[in-house]
Amino acid sequence: TKGRAGKRRGTIGSASLAALPFVIPCPATSSELDAVLALGGGGAEAVREALHRVLAGAHIRLREENRPKLARLAVLLLRKLQALAAASPPRLGETAPLAAALRSIAAQAPLEVAQACIDRLLAARAQWLRLR
C-alpha cells in the first residue's frame, strides 16, 4: 500500500524495513549508538524505526534491569542531540527521531532522564563558563 508521501510502506529509501534487524541491542557507547543510527542507510525513517526496535527490546516492563540501560541510552541521545545542535551548520533536521526516542525513554524512566538532562545542562554551562 502507499503511504502519505506516495512511497510504498515498509521501505526506507532504497533499503527495506525488513532489512533492519528485528531485535537491536541497546547501545551502551557513542560508537554503538552511531552504528544503530546508521542502520537502514541512516535516513530519518530508518533511525526512527531502529530506535523503536531498540526501545521495544529494552522496555522496563520486560525487565527492570533495563532501567539502567535506558538511562545510559538517554545520556547518549542527549549528547548526540547536543552535538547535532552544536555542529556548524547545526544539523537540526536529524534531531526529530532522537528526540522522539528520548521522550519514549522519559515516559518509562522519568527520574533518570530528568537527571541526565540536568547533568548535560550543567556540563554545557561549565563549558560555556570556561570559554568566556
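Placed above this text is the structure.
Conventions used here
Residues numbered from 1 in each chain as written. Predicted model: local features only at pLDDT ≥ 70, side-chain atom pairs only at ≥ 80, totals over all residues. Heavy atoms only, no water. Helix = DSSP H or I, 4+ residues; strand = E, 2+ residues; numbered from the N terminus. Contact = heavy atoms within 4.5 Å. Axes fitted to C-alpha atoms, helices over the stretch in contact; angles between N-to-C directions. Parallel < 35°, antiparallel > 145°, perpendicular 65-115°, else oblique. Nonpolar A, V, L, I, M, F, W, Y, C, P; charged D, E, K, R; others polar. Expected span 1.5 Å × (residues − 1). Buried < 20%, exposed > 50% of the residue type's maximum accessible area, 1.4 Å probe, protein only. Arc of directions from axis to C-beta. Core = buried A, V, L, I, M, F, W, Y, C linked by side-chain atoms within 4.5 Å. Salt bridge = Lys/Arg side-chain N within 4 Å of Asp/Glu carboxyl O.

Caption draft 1: Fine view of the environment of Ile105. By the element assignment, Ile105 lies in helix H4 (residues 96-108). For the pair Ile105 and Ile60, spaced 45 residues apart in sequence, the C-alpha separation works out to 9.4 Å. Once residues lying within four places of it in the same chain are set aside, the contact partners of Ile105 are Leu55, Leu70, Leu73, Ala74, Leu77 and Val113.

Caption draft 2: Structural view of the packing of helix H1 (residues 30-38) against helix H3 (residues 66-86). Here H1 crosses H3 at 75°, and the two axes come no closer than 10 Å. Taken as axis vectors, H1 and H3 run roughly perpendicular relative to one another. Contact residues: Ser30, Leu33, Asp34 and Leu37 in H1; Leu73, Leu76, Leu77 and Lys80 in H3. Grouping the constituent residues of the contact of H1 with H3 by class yields five nonpolar, one polar and two charged.

Caption draft 3: Structural context of H4. If you check H4, its first and last C-alpha atoms are 19 Å apart, about what 13 residues at 1.5 Å a residue would give, namely 18 Å. Buried residues of H4: Pro97, Leu98, Ala101, Leu102, Ile105 and Gln108, and no others. Buried positions in H4, seen along its axis, are confined to an arc of 140° and lie on one side of it. Facing away from the buried side of H4 by more than 90 degrees, the exposed set consists of Arg103 and Ala107. Its buried side turned inward, H4 meets H1, helix H2 (44-57), H3 and helix H5 (110-131).

Caption draft 4: Region of interest: H3. For H3, which comprises 21 residues, the first-to-last C-alpha distance of 30 Å matches the rise-based estimate of 30 Å (1.5 Å per residue) to within 8%. The inward-facing, buried residues of H3 abut H1, H2, H4 and H5.

Caption draft 5: A look at the nonpolar core. Within the largest apolar cluster, 28 residues are counted, with the highest numbers of intra-cluster contacts made by Leu33, Leu51, Leu73, Leu77, Leu98, Leu102 and Ile105. Elements with a contribution of two residues or more to this core: H1, H2, H3, H4 and H5. Among the elements that take part in this core, H3 stands out by supplying nine residues, more than any other.

Caption draft 6: The pattern of salt bridges, seen in detail. Tallied over the full model, the rule gives six salt bridges. When the shortest N-O distance is used, the salt bridge between Glu64 and Arg67 registers 2.5 Å. Residue Glu64 is classed as partly exposed on the basis of its relative accessible area of 45%. One salt bridge connects Glu94 with Arg91, and the closest N-O pair in it is separated by 2.8 Å. Residue Glu94 is classed as partly exposed on the basis of its relative accessible area, which comes to 39%. Residues participating in the shared-partner salt-bridge network are Glu64, Arg67 and Glu112.

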